[in-house]
Amino acid sequence: MGNIMYHYCNVDAFKAIIQNKTLWLSSVYNLNDYKEIHWIKEKVLKKIQESTNKNSYEKFHTFLKIYEKKQPNVYIASFSQGEDLLSQWRAYANDGYGVAIGFNSSYFKENNLIKTSKVLYDEKVQEREIKKILTPLFECENKFNFTSSKFENFCEKIIDELNYLSAKSKNELFIEEQEVRVIHNPIIIEDKKTKRFIFKKNISPMMFRAVCGNLIPYFELKFSNFNEENEPILEIVKGPKSKIIDQEIKIFLANNGFYNVKIKSSKSSYR
């Protein structure tokens, strides 16, 4: 992966991100492609159905019950490897009036509660990954009592890997986005004693925002702690219709603690 990943946004979002030094990681269930979270799941179900016979029915049936129960609990922020993509200007940066914030991908590697990954678009690669993840399940015939907690724990580890694969995989029709994702997978447990939910390995408290009649959960990823050797923001690319003056962006960034940031303009003639 290249060192810079670009977050396309409108000017209001740009202002908030810089001033708050915060990115929002939203639930995968609220992505633009509503089928996305089921993309890998459908492939997994098909592979298991093809492999199920009289002898393996109990094993796979038990696994699928656990798989259905343990839905992906994943929150992401989306970026692109492309610094000047017309499709991204149109879709995410106010039709070209916004900016692309060039984040330093190395900066986020210091946080062990998140993962940064290129999105997988190649179906053959996705199929190979699924096969690799499921291999221990296919080969465990004599290891477990399939009704035991030991088998359930074994299945949950496989499902965690499948859910992570789901979070970084998309239909190849979206390949032009060149997407990179920051992925967060907190543990959320319902505590019936206290009638609350307990969060573990989370980067912040769970927050909520209301959008178009929907309630969307998200977590805040702060990038306020940095030094000159590993700054979170490396450059800003102005959209093809941007009205912002370079000097004013520099002042705004510097006054919020981001001094060494390159300012660039889109080369697109899109108007």
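The next thing to look at is the packing of aromatic side chains. What the rule picks out here adds up to 17 aromatic pairs. Between Y8 and W89 the ring centres are 4.7 Å apart and the planes differ by 75 degrees, which places this aromatic pair in the edge-to-face class. Residue Y8 is found in strand β1 (residues 4-9), and its partner W89 is found in helix α4 (residues 86-92); the two are separated by 81 residues along the sequence. Here Y8 and W89 have matching classes, each one buried. With 4.9 Å between their ring centres and 65 degrees between their planes, F146 and F151 make a pair best called edge-to-face. Take F146 and F151: they sit in the same class, and that class is buried. Through pairs of rings, three or more aromatic residues link up here, namely F79, F103, Y107, F108, F223, F226 and F258. Geometry around Y67 places K41 over its ring, the cationic atom sitting 5.8 Å from the centre. Of note, K170 hangs over the ring of F174, and the distance from its end group to the ring centre comes to 4.4 Å.

Looking now at helix α1 (residues 11-20). For α1, the set of buried residues is F14, I17 and I18. Here the buried residues of α1 occupy an arc of 90 degrees about the axis, which is enough to place them on one side. Taken together, the buried residues of α1 touch β1, β2 (22-27), β4 (99-104), β11 (233-238) and α8 (246-255). Where α1 begins, one side-chain oxygen reaches toward the backbone nitrogen of D12, 3.2 Å away; that side chain belongs to N10.

Turning to the side chain of N163, a few remarks are in order. With respect to the helices, strands and loops of the structure, N163 is situated in helix α7 (residues 149-167). At a separation of 3.3 Å, a polar atom in the side chain of N163 contacts the main-chain carbonyl oxygen of K70.

Within the secondary structure, S149 is located in helix α7. For S149, a relative accessible area of 54% gives the class exposed. Residues S149 and K47, 102 residues apart in the sequence, show an inter-C-alpha distance of 24 Å.

Turning to its location among the elements, I203 is positioned in the loop between β8 (196-200) and β9 (207-211). Sequence spacing of I203 and G239 is 36 residues, and the spatial spacing of their C-alpha atoms is 31 Å. Apart from residues lying up to four places away in sequence, I203 is in contact with L25, N111, L113, I114, H184, F219, E220 and L221.

Rules of the game
Residues numbered from 1 in each chain as written. Predicted model: local features only at pLDDT ≥ 70, side-chain atom pairs only at ≥ 80, totals over all residues. Heavy atoms only, no water. Phe/Tyr/Trp six-rings, centres within 6.5 Å; stacked < 30°, edge-to-face > 60°. Helix = DSSP H or I, 4+ residues; strand = E, 2+ residues; numbered from the N terminus. Buried < 20%, exposed > 50% of the residue type's maximum accessible area, 1.4 Å probe, protein only. Lys NZ or Arg CZ within 6 Å of the ring centre and 35° of its normal. Arc of directions from axis to C-beta. Contact = heavy atoms within 4.5 Å. Polar contact = N/O pair within 3.5 Å; in protein donor to acceptor, adjacent residues only side chain to side chain.

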